[in-house]
Amino acid sequence: MKLSDSKSGAEARIENWVQQGKELHPVEWERMPEIYLYMDQVITYMQSMLSLFERSEETRLLTSSMINNYVKDGLLDRPEKKKYSRRHIASLMMICMLKQVLSIQDISALLKPLIEESNLHSVYKKFFDVQTTALQEVCAQVEETLPEGEDALRHLALTLAIEANARRAAAERIICELQKERPGEELPKKENKK
């Protein structure tokens, strides 16, 4: 079935996702909240910023337990008097995006040295420049495939999943090898993904 003949509900929802993705622009550092936010405000803010990347409306990329664990693990700075700053929000944005493909240990091994070598603001900017470009490319692929129907969309989903797996494997290998070069630091342990 061609999209021009009749658009299924799934195809319409995919098309809506593509339009949202094409219009998505990460929040610039300067436009993030300047005031300190409490945990529930951070979660609400992050949900609005990351909803495009959630599998469905029922799933959440961030919870208060996750934030507490990131602080406990040293991946996220401790909040000041239970309030979170722009630095926390930027870090959480990157963590939420990366945790879809990397373990928390790998994210820590990747981000900590980058932030040590440069400031968080520049790391955040580079991160979202790459994220924006990648998202625009994927949205263009999906948009081109939509008129071809459900079978073509399934093939595209398979292709994208295979490519994502290859990129994840390369990222993990790079992180692991670089960790070997940093004496005194513990190598990340592989997490069991469910």
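Residues numbered from 1 in each chain as written. Predicted model: local features only at pLDDT ≥ 70, side-chain atom pairs only at ≥ 80, totals over all residues. Heavy atoms only, no water.

Right, let's talk about the overall build of the protein chain for a bit. Helix and strand content of the protein chain: seven helices and zero strands. For the protein chain, buried positions account for 35% of its 194 residues. Surface summary for the protein chain: the accessible area is close to 12600 Å², and the carbon and sulfur share equals 53%. (Helix = DSSP H or I, 4+ residues; strand = E, 2+ residues; numbered from the N terminus. Buried < 20%, exposed > 50% of the residue type's maximum accessible area, 1.4 Å probe, protein only. Areas by Shrake-Rupley, 256 points an atom, 1.4 Å probe, with all protein chains shown as cover.)

Tallying each qualifying case throughout the model produces three aromatic pairs. Look at Trp29 and Tyr124: their rings are 6.1 Å apart centre to centre, the planes differ by 65°, and that puts the pair in the edge-to-face class. Residue Trp29 is found in the loop between helix 1 (9-23) and helix 2 (39-50), and its partner Tyr124 is found in helix 6 (residues 120-145); the two are separated by 95 residues along the sequence. Just as Trp29 is buried, Tyr124 falls in that class too. (Phe/Tyr/Trp six-rings, centres within 6.5 Å; stacked < 30°, edge-to-face > 60°.)

A word on the pattern of salt bridges. Once the charged atoms of two side chains with opposite charge are near each other, the side chains can pair. Enumeration according to the criterion identifies eight salt bridges in this entry. In this structure, Lys125 and Asp129 form a salt bridge, with 3.1 Å as the shortest nitrogen-oxygen distance. In this pair, Lys125 and Asp129 both sit in helix 6, four residues apart, roughly one turn of the helix. Lys125 sits in the partly exposed class, given a relative accessible area of 48%. Relative accessible area serves as the criterion here: at 40%, Asp129 is assigned to the partly exposed category. Glu150 serves as the salt-bridge partner of Arg154, at 3.9 Å between the closest nitrogen and oxygen. In this pair, Arg154 and Glu150 are both assigned in helix 7 (residues 150-180), four residues apart and thus about one turn of the helix distant. On the basis of relative accessible area, Arg154 is assigned to the exposed category, the value being 53%. Sharing partners across several salt bridges, the network here consists of Glu150, Asp151 and Arg154. (Salt bridge = Lys/Arg side-chain N within 4 Å of Asp/Glu carboxyl O.)

Read these as geometric descriptors, not functional statements.
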